[in-house]
Amino acid sequence: MSMISDSARSDIENWVDKYPAEEKQSAVMAALRIVQDENSGSLTTELMNEVATLLEMPEIAVYEVATFYSMYELKLVGRHKICVCTNISCMLNNSKAVVDKLEDKLGVKLGETTADGEFTLKEVECLGACVNAPVVQVGENYYEHLNPAINPDKIDQLLAELRGES
Amino acid sequence: MANQVCFRNNHLENSWSLSAYQSNGGYEVLKKILSEKLTPEELIEDIKLSNLRGRGGAGFPTGLKWSFMPRTVDGQKYIVCNSDEGEPGTCKDRDILRYNPHQLIEGMIIAGYCIDASVGYNYIRGEFWEPYARFEAALEEARAAGLLGDDILGSGFNFQLHSHLGAGAYVCGEETALLNSIEGKKGQPRFKPPFPAGFGLYGRPTTINNTESLASIPVILAKGGQWFLEQGLPSAGGEKLFSVSGHVNRPGNYEVPMGMPFSELLEMAGGVRDGHQLKAVIPGGSSTPVVPGEQMMDVNMDYDSIASAGSMLGAGSVIVMDETTCMPRVLTRLAYFYYEESCGQCTPCREGTGWLSRVTQRIEDGVGVAADIELLDSVAGNIEGTTICALGDAAAMPVRSFLKHYRDEFQYHIDHKKCMVESDW
Amino acid sequence: MESSAEQNIVNIEINDISLQVEPGQMLIEVADANGVAIPRFCYHKKLSTSANCRMCLVEVEKAPKMLPACATQVMNGMKVWTKSPKAIAAQKSVMEFLLINHPLDCPVCDQGGECDLQDIAMGYGGDQTRYQERRRIVKDKDYGALVSTEMSRCIHCTRCVRFGEEVGGIAEIGGTGRGDHMEIGTYVQKSLSSELSGNIIDLCPVGALLSKPFLYSARAWELQSYLSIAPHDAVGSNIKIQTRNGKIMRVVPADNEEVNESWISDRDRFSYLGANESRVTSPMVRNSSGNLVETNWQAALDTVIKSFTEIIATDGGSAVGAIASPSSSVEEFYLLQKFMRGLGSNNIDFRLQQQDFSAGAEQSAPKLELSLQEIETQNSIFIIGSDIQREQPLLSHRVRKATLAGAVVSTINPKTIEFNFAISTSVKTDKLTPALAGVAKELLSRGLGGDLNLEQLLTDGAVNIAVEAEHKEIADSLVNGENSMVLLGALAYRDQNQSRIYSLATAISKMSNSSLNIVTEGANALGGVLAGAVPYHSAGKVEVSECGVDVAEMISNPPKGVVLFGVEADKDLAGDDSAIDSLGSGFVVAITPFMDRLTYEHADVVLPLAGFGESSGTFVNAEGRWQSFSGAVKPLGEARPGWKILRVLGSSAELQGFELDSSEQVLNEVKALCDVTADKSEPEISNWSAPTDLGNIEAEMVKPIPLYEVDAVVRRSAPLQEQAKKLTGGVDDV
């Protein structure tokens, strides 16, 4: 019984088509992202094994990829994964206050998930939006200029927005 | 002058759309090349003339790089765009993808034409979902308009272009790690030689260029290499995108002539944030050596001038720090970054970045010892020049430059177990 | 062409010494060949280059950085310094980085004394660490019963990873995570399934991967090494048996590029652990109440001679027979057949699993026409009835190397068999003959039959042979391959229709201009034929006046007196238990290292035979390579080497020609008879002629013998048995 839906499979197939026929493995990063999204934001060994079968590659090669790139999650995460950049430009623009405020509001530390399973707070490296620092990423979106000293309400608004989506 | 190359369309409404791009001359150069059958050789000559130097950080002349491709050898070749923008301080390519994706597409098609590559991939970092979506939409538009795909504009020239999304790994910005990543492997750099021009993606000849470099191509060829050269300096042509971040009033991406005095660029960015003084600048992204503020005020934004100040232009990522900045704290964060992002493949980087991170953290935490300063310098020196890729050097350079210029602050941290300066962040 | 000669030589200098070397080589290869020591961990001559450890950094003129000698190609005019201040500084830096997270547990590490890291650290390491942080702790992995892990010691050289991909043919180990969180392992809990997995123990330059059975049992410097030959397949892998205080402590490979390269199979490495299980350590005779009781050698030998003399006096020499292990030595085979023939019997055989013997002397000996190395250069390989990866692991590795170089492989095999190399055409069938006949018929239809007279067999015979699309593909690949080979394996040899299968394979090889390569059971089947341990000829292929009976006939119609030599009858012989039991109905002399069921229940005399590593001898491998070995330890208890037991039996029976003082003397006698001078038997010309019918075309194929069931020693190795249980999938579970 496959754990990967038909729509995810066809999505993966679209990625496979981008690469030479004998280079299916090239689609592994996309495939892992797709199945992770479908599995509430994290990967399991079973899912990785299915990806290996689908793309005709050794299972260990899938594990290597899944554990190398920081956007794959190998443990359960909350419905919303809030990725806070604390690298230099964000740091200079008070990312510490962003972290403090998020930790305070959510009642969890970096790397933890709220008890209700809504939020995971994660420290990440440079998100590449340095001129809009400090920045966090949630799902497909960036939220910028979050310095609480300058924009005191932005983080509250962000959390309210995310809660509203749930 | 400003905003003449990659940002030339940004003022247009929906600048990312095909219609906006075409309203400002977009795809005209491609049409000309294909209809007049301009030869790759003459196009490459014009790019050489422009002295466009690679915008990803290494500054290697783009025209020369293209000329290395064995274009007359049969078989598949590839053009790959490096949009894996991840060097702390750098965020210019993101805006090209968001606001001017068609110019990149046109540049890649022309690059494919010049190096005889019928397939291209744009490696976009995984976090850049919105820019990826913009780029994908632009690809669709271009394909629908017959500008991309088989038999482009009836010329018989075929070029397929795809995105490849990363998934979180700074090291994939290293070109051979990026190729491995496209191949569905861990993003571990390959040792060179062989170089990608001989053995690249899937073992085929491949050229990898930065987003800004490729997006500059249509403008260079439209206005001529000579024009581009004249926008900048003889040693490096054109306007260049500078990401100015940190303690400035108007952080942002500024496309200005190569060689602009730093002081002018700082002014464009609104100057140091109100009520504060310039302390230090990292001029080219986190890997480049830090330069004290007063020294930086005499420097121009080009390769040679910045080199004379002991640093590098890099990707043009200018990180400005004011007097509230504790330098050990900044270095601790940067050292942690390289430790986090080391791929783990080769010994000096795998082991050395962790060592640097732990020792800087120790100093930052007020438990450093007197010998730690020499230790940091020595460990960084031992990483330099011994690794497979440049990440080792990138980790070492900040350490050595911070110690060179701000040794007293490190000493203070060790002696007093606290920062020398007060900060509000 | 003056320039071409110049192009074949590159002039370089290493440490100011001028060298002329072949182009294309890496610096480290040149340095190794010229005795310049460059420290290294990740580089290994048999694996791809990874250049990741950075230990081999050297100074090269005009290069701004130190360059890794393992990944730097020699260039004309290159000047290299491996011990300049800059090179030494770089090497010392790398050494320091390697050591900061390596535990300082050399005193309790099994690698101690044979550890590359320890050795090189003596030259390049500091005596004090500058690293004050906590050392990395990495959780150990469970790789099964053979390989033990101590992963905190791992230096991430990736030799084991590359071995899996490149040699083992199965990517099981990788590096997961990144940076200094990277861990070498399988990620999920998993026993290693490669039949070559033990080689990663040798490859590991530190004590991260160790032999689990050997763990903490001896220090490397306490061991004495004896060169020997692995006795479980026909490759003849060179091994070192390492002993301490007269006991075998472990087995490791001995490099031989022509035979086993740097590798041995797990079977060869860990079988010694079964060598002393259920051993017979004293001669025994069955007493009047039916029990085996220990006795002395003289009494036991007297009993044998007395009984055999009586049987022969009453029923003639043909009333006795002998069945030997196919892994007996040349010396043993020779003396055993000499003994039997001296008694007037040609009933001798070692082809324990064979069922069809009708080809008889018509059939050439089981031998490869190619050398093992030549297999790598084949473009087309046709495997007939062989689980080759498990039958002959290191021969299979040569096939795999050929496929990596582009060879196409086709097979006719039972469904269950899979390989670690790509197969282009696979006929999966229960019946070998029809498929093989299809291929032969296709070749014949292409006018390739010449004067082989195959028409009666393939087109005009009673059976209509169907030629399928796959048969045509196989014919294509053999005909099109510049170098093509037919490989006939144990399943084909054990088939009920073996003689016709042999004929068809011969016909196919002749029609397609392919070499014919045969491997069967045991370590010395070819030696058995050459030494005359077959019913139809004596040593040196001297035809006998009256052909004796084969092993199947001896089972179904047991001789009144039978010698079982190194045979565990109820496991080694084809046939069901009752058939095997019938062997016990006569007077049974078991010359054996092990007590087994048949011996226990039926043997009248038991003579304790020297076991693994306990005697000298010679094996002829599948190539025809004569490889002699000496004993590494004394035989256990009262056990004696086979050649000595047989010599005494011959003398006691007052037979001629048993006045032999040493095993070398026995060997020389055989060699002279076989006309072997250079320790290599050349391919023989078989007097093959086409049969007129296809025999038992409906014969069902036999099942492969599982990897760790091939002989009595392997079956007794507890770690191998445990590993077999842990592995899922493949034929081991069948």
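What counts as what
Residues numbered from 1 in each chain as written. Chains lettered and ligands numbered in written order. Predicted model: local features only at pLDDT ≥ 70, side-chain atom pairs only at ≥ 80, totals over all residues. Heavy atoms only, no water. Contact = heavy atoms within 4.5 Å. Buried area = accessible area lost by both parts, 1.4 Å probe. Salt bridge = Lys/Arg side-chain N within 4 Å of Asp/Glu carboxyl O. Helix = DSSP H or I, 4+ residues; strand = E, 2+ residues; numbered from the N terminus. Nonpolar A, V, L, I, M, F, W, Y, C, P; charged D, E, K, R; others polar. Pairing = 2+ DSSP bridges. Buried < 20%, exposed > 50% of the residue type's maximum accessible area, 1.4 Å probe, protein only. Arc of directions from axis to C-beta. Phe/Tyr/Trp six-rings, centres within 6.5 Å; stacked < 30°, edge-to-face > 60°. Lys NZ or Arg CZ within 6 Å of the ring centre and 35° of its normal. Axes fitted to C-alpha atoms, helices over the stretch in contact; angles between N-to-C directions. Parallel < 35°, antiparallel > 145°, perpendicular 65-115°, else oblique. Left-handed = near helix turned anticlockwise from the far one by under 90°. Core = buried A, V, L, I, M, F, W, Y, C linked by side-chain atoms within 4.5 Å. Domains from an automatic or database assignment. Polar contact = N/O pair within 3.5 Å; in protein donor to acceptor, adjacent residues only side chain to side chain. pLDDT = per-residue confidence, 0-100.

Peer 1: Can you help me understand the interface of chain A and chain B in this one?
Peer 2: Interface size, as often reported, equals the accessible area lost upon joining of the parts. If you look at the interface, chain A gives 41 residues, while chain B gives 61 residues. Where chain A abuts chain B, roughly 4,000 Å² becomes buried across the two surfaces, and 58% of that area is made up of carbon and sulfur atoms. Lys18 of chain A is the salt-bridge partner of Glu136 of chain B, the closest N and O atoms lying 3.8 Å from each other. Those elements that provide at least two residues to the side of chain A that touches chain B are α2 (28-38), α4 (59-68), α5 (88-92) and β2 (119-124) of chain A. The element that contributes the greatest number of residues to the side of chain A that touches chain B is α5 of chain A, accounting for four residues. Looking at the side of chain A that touches chain B residue by residue, the classes come out as 21 nonpolar, eleven polar and nine charged.

Peer 1: Where do I start with the sheet that holds strand β15 (residues 320-324) of chain C in this structure?
Peer 2: Backbone hydrogen bonds are what pair the strands of a sheet, in a parallel or an antiparallel way. All names here are of chain C. Taken together, seven strands build an open sheet; the order of strands is β14-β13-β26-β25-β24-β15-β16 and the sheet is mixed. Of all strands in the sheet, those bounded by a partner on one side alone are β14 (292-294) and β16 (348-349). Sheet topology places strand β13 (residues 284-286) next to β14; three bridges connect them, and they run antiparallel. From the neighbouring strand, Met284 faces β14, where its bridge partner is Glu294.

Peer 1: Looking at this structure, how should I read helix α23 (residues 642-652) of chain C?
Peer 2: Since there are 3.6 residues in each turn of an α-helix, residues three or four apart along the chain are aligned in direction. All names here are of chain C. Of all the residues in α23, the buried ones are Gly642, Trp643, Ile645, Leu646, Leu649 and Gly650. Take α23 and look down its axis: the buried residues cluster within an arc of 160°, on one side only. Directly after α23, the chain includes Glu654, whose backbone phi takes a positive value near 60°.

Peer 1: Would you mind showing me how to read the packing of aromatic side chains here?
Peer 2: Think of a pair of aromatic rings as described by two things: how far the centres are apart, and how the planes are tilted against each other in angle. With the rule as written, the count across this model stands at 26 aromatic pairs over all chains. Their ring planes at 85° and their centres at 6.1 Å tell us that Trp355 of chain B and Phe97 of chain C sit as a pair that is edge-to-face. With one member in each of two chains, Trp355 of chain B in helix α15 (residues 347-364) and Phe97 of chain C in helix α3 (residues 85-100) form a pair that bridges those chains. A relative accessible area of 0% means that Phe97 of chain C is categorised as buried. Here the aromatic rings of Phe619 of chain C and Phe629 of chain C are separated by 5.0 Å at their centres, their planes lie at 50°, and the arrangement is tilted. Within this pair, whereas Phe619 of chain C is found in strand β27 (residues 617-620), its partner Phe629 of chain C is found in strand β28 (residues 626-629), the two being separated by ten residues in sequence. Grouping residues by exposure puts Phe619 of chain C and Phe629 of chain C together as buried. An aromatic cluster of three or more residues is present, and its members are Tyr19 of chain A together with Tyr78, Tyr121 and Tyr202 of chain B. The ring of Phe68 of chain A carries Arg178 of chain C above its face, with NZ or CZ at 5.7 Å from the centroid.

Peer 1: What's the story with the sheet that holds strand β2 (residues 17-21) of chain C in this structure? I'm lost.
Peer 2: Residue and element names in this part refer to chain C. The strand order β2-β1-β5-β3-β4 describes an open sheet built from five strands, whose pairing is mixed. The sheet is open, and its two edges are formed by β2 and β4 (67-68), each paired on a single side. In terms of strand pairing, strand β3 (residues 57-60) meets strand β5 (residues 79-81) through two bridges, oriented antiparallel. Bridge pairing in β5 places Val60 opposite Val80. Running over the sheet, α3 touches β3 and β5 and is turned about 160° from β3.

Peer 1: Quick question: what am I supposed to make of the packing of α3 of chain C against helix α4 (residues 116-124) of chain C here?
Peer 2: Between two packed helices, what matters for the description is the angle formed by their axes and the separation of those axes. Residue and element names in this part refer to chain C. The interhelical angle for the contact between α3 and α4, taken along N-to-C directions, is 130°, at an axis separation of 10 Å. Taken together, the axis directions place α3 and α4 in an arrangement best described as oblique. In this structure, α3 crosses over α4, and the sense of that crossing is left-handed. Contacts between α3 and α4 involve Ile88, Gln91, Lys92, Met95, Leu98 and Leu99 from the first element and Leu117, Ile120, Ala121, Gly123 and Tyr124 from the second. Within the contact of α3 with α4, the residues separate by chemical class into eight nonpolar, two polar and one charged.

Peer 1: Looking at this structure, how should I read the pattern of salt bridges?
Peer 2: Side chains that carry opposite charge are capable of pairing whenever their charged atoms lie near each other. All names here are of chain C. Following the criterion strictly, the structure yields 80 salt bridges over all chains and no others. A salt bridge links Arg597 to Asp570, with the nearest nitrogen and oxygen atoms 3.2 Å apart. Remark: Asp570 occurs in helix α20 (residues 569-572) and Arg597 occurs in helix α22 (residues 597-602); sequence separation between them is 27 residues. Overall, Arg597 belongs to the partly exposed group, its relative accessible area being 25%. Since its relative accessible area comes to 19%, Asp570 is described here as buried. Where salt bridges share partners, they join Lys46, Glu257, Glu261, Glu376, Arg398 and Lys401 into one cluster.

Peer 1: Help me understand the nonpolar core, please; the structure alone is not making it clear to me.
Peer 2: Note that soluble globular proteins tend to have their nonpolar side chains buried in a common cluster. In terms of nonpolar packing, the biggest core is built from 121 residues, with Leu32, Leu55 and Tyr69 of chain A together with Ile105 of chain B touching the most fellow members. By residue number, the principal contributor to this core is helix α6 (residues 101-115) of chain B, which donates nine residues. Each of domain 1 (6-68) and domain 2 (80-163) of chain A accounts for three or more of the residues forming this core. Among residues more than four places away in sequence, those in contact with Leu55 of chain A are Ile12, Val16, Lys24, Gln25, Ala27, Val28 and Ala31 of chain A.

Peer 1: Could you clarify how one ought to interpret the interface of chain C and chain A in this entry?
Peer 2: Listed as interface residues are twelve residues of chain C and, on the opposing side, eleven residues of chain A. When chain C packs against chain A, the two sides together hide about 900 Å² of surface, and 64% of this comes from carbon and sulfur. Taken together, the connections running from chain C to chain A amount to zero salt bridges. The interface formed by chain C and chain A contains three residue pairs in polar contact (both at pLDDT 80 or more). Broken down by element, the residue count for the side of chain C that touches chain A peaks at three residues, all from strand β7 (residues 174-176) of chain C.

Peer 1: How do you make sense of the confidence of the model for chain C when you look at a structure like this?
Peer 2: Caution applies to low-pLDDT parts of the model: their predicted coordinates are not meant to be read in detail. Within chain C, residue pLDDT values average 94, and 98% of them lie at 70 or more. At the level of chain-chain contacts, confidence expressed as ipTM amounts to 0.97, with global pTM at 0.95.

Peer 1: What is the right way to read unusual backbone geometry from this model?
Peer 2: The step from Ala133 of chain A to Pro134 of chain A runs through a cis peptide bond, and the omega angle for that step is -5°. Between Pro193 of chain B and the following residue, Pro194 of chain B, the backbone shows a cis peptide bond with an omega angle of 5°.

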